[in-house]
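Geometric and topological summary
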Amino acid sequence: MADLSPQELRVLAAVADSGGFSAAGAALGLTQSAVSHSVRGSEAKVGAVLFERGRGGASPTPAGERAVALARRILRMYEVLGAEARGAGRGALAGVLRIAAFRSAALHLLPPALERLTARHPGIRPEVRVVRELGAGTAGEVAAGRADLAIATLSPGGAGGGGATGATGSVPAGAAAPGRLLTGVLREEAYALVHPAGHPDPRSLPLLDWDENCGSYTRDWWRAQDWIPRATVKAEDDGMVLTMVGRGLGMAILPELSLREATDAVDITGLGPSGPVRRVGYVTAPESASTLAVRALIRELRSEAG
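Notes on the structure in this doc start here. The shown structure was predicted, so the numbers you read here are calculated from the model rather than taken from an experiment.

1. Describing the environment of Val35
Counting through the fold element by element, Val35 comes out in helix 3 (residues 32-46). For Val35, a relative accessible area of 0% gives the class buried. The contact partners of Val35, leaving out residues within four places of it in the chain, are Val11, Val15, Phe21, Ala24, Gly25 and Leu30.

2. Details of the packing of helix 2 (residues 21-28) against helix 3
As a packed pair, helix 2 and helix 3 sit with axes 8 Å apart at the nearest point and diverge in direction by 105 degrees. Classified by the angle between their axes, helix 2 and helix 3 sit roughly perpendicular to one another. In this structure, helix 2 uses Phe21, Ser22, Ala24 and Gly25 to contact helix 3, whose residues at the interface are Gln32, Val35, Ser36 and Val39. For the contact of helix 2 with helix 3, the class distribution of residues is 4 nonpolar, 4 polar and no charged.

3. Here we look at the nonpolar core
Counting 25 residues, the largest nonpolar core has Leu97, Leu149, Ile151, Leu297 and Leu301 as its most contacted members. Of all the secondary structure elements, the ones that give two or more residues to this core are strand 3 (94-101), helix 5 (103-108), helix 6 (110-120), strand 5 (149-155), strand 12 (277-284) and helix 12 (292-305). Of the residues forming this core, the biggest block, 6 residues, is contributed by helix 12. In this view, Leu97 contacts Arg76, Leu117, Ile124, Arg125, Pro126, Glu127, Asp148, Ala293, Val294 and Leu297; residues no more than four positions away in its chain are not counted.

4. Describing the environment of Glu300
Mapping Glu300 onto the fold places it in helix 12. When its relative accessible area of 9% is taken as the criterion, Glu300 is described as buried. Separated by 187 residues in the primary sequence, Glu300 and Ala113 place their C-alpha atoms 5.0 Å from one another. Apart from residues lying up to four places away in sequence, Glu300 is in contact with Ala113, Arg116, Leu117 and Arg120. A polar contact of 2.3 Å, which involves the side chain of Glu300, links it to the side chain of Arg120.

Reading the values: rules and limits
Residues numbered from 1 in each chain as written. Predicted model: local features only at pLDDT ≥ 70, side-chain atom pairs only at ≥ 80, totals over all residues. Heavy atoms only, no water. Helix = DSSP H or I, 4+ residues; strand = E, 2+ residues; numbered from the N terminus. Buried < 20%, exposed > 50% of the residue type's maximum accessible area, 1.4 Å probe, protein only. Contact = heavy atoms within 4.5 Å. Axes fitted to C-alpha atoms, helices over the stretch in contact; angles between N-to-C directions. Parallel < 35°, antiparallel > 145°, perpendicular 65-115°, else oblique. Nonpolar A, V, L, I, M, F, W, Y, C, P; charged D, E, K, R; others polar. Core = buried A, V, L, I, M, F, W, Y, C linked by side-chain atoms within 4.5 Å. Polar contact = N/O pair within 3.5 Å; in protein donor to acceptor, adjacent residues only side chain to side chain.

Here it is in structure tokens:
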């Protein structure tokens, strides 16, 4: 199979990002016919159809999704090559560092680590995207080549896949996750019962929940507790759940990072040594794990996690 050139990789990524050949051409300064010719050539080299063409534009096939994800990751290595070489020679890192994180991690875990990182390396420019832990979640941003590192909820014990309730984006903890991603645990945090301050019988209240609330291991614990009702109110995220609890609308089961936003309007009660615990960690691709900027960020995240 002939190798794809960097320009061919850029075309594949642009078509996937824009949803069509014309839009990709406009983004790259090419004609539609040039984009179409490039895609056909890439498909011939790869030996698979990469895009479904239609009146509504172009969408990646399963083969195309994988090819585009790898194209983004390869192009990212081209982008960081110069910064990596200069950083190795001078000891000072520079350039954009792309990070995906779920909401509470972006609010409470990342900022101190990034503050220390940029103080040591003023040339680094972090770009943080908040991604919901649904479907592929934050780890999916790394797999798709849109992030260099993600903060994600990890499955317990390195078990493969499905660490979620069917909706969350949990990935296994350990050396390698599906899709050849690398993971590491940063912290383990307990869940607690959160309820309106001073309520005489918080377990009698309706349950407030949100779709991202994680892990099958957490849900297994929930199912064993006959006092926890089915969720009667669903909110957008954990911050909204916490606000609604403070308004007296119900009780919730929340992890430590979410509870950093708690006010005097709520009381927090531990769930004991058998209560659920979630793992929060980093996810990165093998090629990104070796870069100086990602390694420096992981060191700061580990320092922050204690």
